[in-house]
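In case you want the letters, here they are:
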Amino acid sequence: MTDTPSARLSRQPAEARPPLEVSFEFFPPKTDAMEERFWESLGKLAPLNPRFVSVTYGAGGTTRERTLRLVSRITAESGVPAAAHLTCVGASRNEVNAVVQGYAEAGVRRIVALRGDPPEGIGSLFTPHPDGYGSAAELVAGIRALGNFDISVAAYPEKHPQSPDWAADIDNLKRKLDAGADRAITQMFFDNQDYFRFIDRARAAGITAPIVPGIQPIHSFKQISGFAARCGARIPGWLGERFDGLDDDPETHALVASAVAAEQVLELIDSGVTEFHFYTLNRANLVMALSRLLGIRPE
Ligand code: FAD
């Protein structure tokens, strides 16, 4: 049997492994109990030395204060660089710029810059605020004009649902990177072929920036299927079959989820991927297990 790069990786001593980088995404919790889990998960994942942990920005800016409070505390207390998400929805340029200044004052130098969606969701038409940024590309240019930030933007291996065709989608990604973004992070995807094809399209269009795969471990197939449908990510039939009938069997569900995510990540490593962004949903366990497979252990 020939060794694949991921098989070799998992058996090499730590010092011989190629450097892999991970980042972890969290969302602002709504209740005290959820906030407790947020900090508990962050406490478990921070020692893995991620490049950054990011905190999302609720649709329509609904978590503006919470996102700022969380990234400020992460920066002050955890020793891990924090990245704050930011959207253009329902806010003027001055209001969005004030949020950027707030991040900078809290010592947060990393921003995930997004257009965002109307409160009705990704399917409804985005109408910019009359004095607002009209797209993520405009937002990136605006942030660049305000200071020296590390900026990530979104990419869509299955095409953004509102892009008329692939050329428009890739053009839009290029605009965001040309406006000054440092990297793209992808939407969740479950078929690596979609990611590989996307990379080919981006590279053919002259995009050289890193396009980091966004990996969504399936803590709950039911919940993740709902999220995927809302953001335009396809759940392949074989994936549904693997979780079929496991709604009331959490232990087997967790084992299958771990195997599915491991298979996805190891195949990406075999194709040369060295950076990963994990959607944690504020839970640590599956991400801890995956990080171990990548040879990343608490320091
Ligand atoms: P854009 O890149 O601006 O583009 C979106 C669409 O509009 C594309 O189809 C593009 O082709 C089209 N378009 C852009 N400019 C023009 C133009 N000038 N004329 C015509 N068409 C145009 N949402 C949140 O609310 N909060 C978050 O914290 C958040 N975090 C995310 C993190 C990641 C890694 C990802 C992948 C998504 C995230 N989202 C978040 C979701 C995101 O806001 C939505 O997917 C949104 O629909 C698009 O945002 P964007 O930044 O990709 O938009």
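Residues numbered from 1 in each chain as written. Predicted model: local features only at pLDDT ≥ 70, side-chain atom pairs only at ≥ 80, totals over all residues. Heavy atoms only, no water.

Here we look at empty space enclosed by the protein
Inference 1: A full pass over the atoms with the stated rule returns 2 cavities of 30 Å³ or more.
Inference 2: Considering only enclosed or pocket space, the largest cavity measures out at about 40 Å³ in volume.
Inference 3: Forming the walls of the largest cavity are Tyr-156, Pro-157, Glu-158, Lys-159, Gln-187, Met-188, Cys-231, Gly-232 and Ala-233.
Inference 4: Partitioned by chemical class, the residues of the lining of the largest cavity number 5 nonpolar, 2 polar and 2 charged.
Inference 5: Volume-wise, the second largest cavity comes out at about 40 Å³.
Inference 6: Taken together, Glu-21, Val-22, Ser-23, Arg-51, Phe-52, Arg-183, Val-212, Glu-275 and Phe-276 make up the lining of the second largest cavity.
Inference 7: Listed by contribution, the elements that provide at least two residues to the lining of the second largest cavity are strand S1 (21-26) and strand S9 (275-279).
Inference 8: Of the residues forming the lining of the second largest cavity, the biggest block, 3 residues, is contributed by S1.
Inference 9: Partitioning the lining of the second largest cavity into residue classes produces 4 nonpolar, 1 polar and 4 charged. (1 Å grid on protein atoms, 1.4 Å probe; cavity = no way out; pocket = protein on both sides within 12 Å on 5 of 7 lines; lining within 4 Å. Points joined across faces, edges and corners; volume = space filled by probe spheres on them. Nonpolar A, V, L, I, M, F, W, Y, C, P; charged D, E, K, R; others polar. Helix = DSSP H or I, 4+ residues; strand = E, 2+ residues; numbered from the N terminus.)

A few points about the pattern of salt bridges
Inference 1: Across all of its chains, the model carries 15 salt bridges by this definition.
Inference 2: Put simply, Asp-194 and Arg-234 hold a salt bridge, and the shortest N to O gap is 3.0 Å. Placement of the pair is Asp-194 in helix H7 (residues 192-204) and Arg-234 in the loop between helix H8 (221-231) and helix H9 (237-243), with a sequence separation of 40 residues.
Inference 3: Assessed through its relative accessible area of 39%, Arg-234 is described here as partly exposed.
Inference 4: Each of Glu-158, Asp-191, Asp-194, Arg-197 and Arg-234 takes part in a single network of salt bridges with overlapping partners. (Salt bridge = Lys/Arg side-chain N within 4 Å of Asp/Glu carboxyl O. Buried < 20%, exposed > 50% of the residue type's maximum accessible area, 1.4 Å probe, protein only.)

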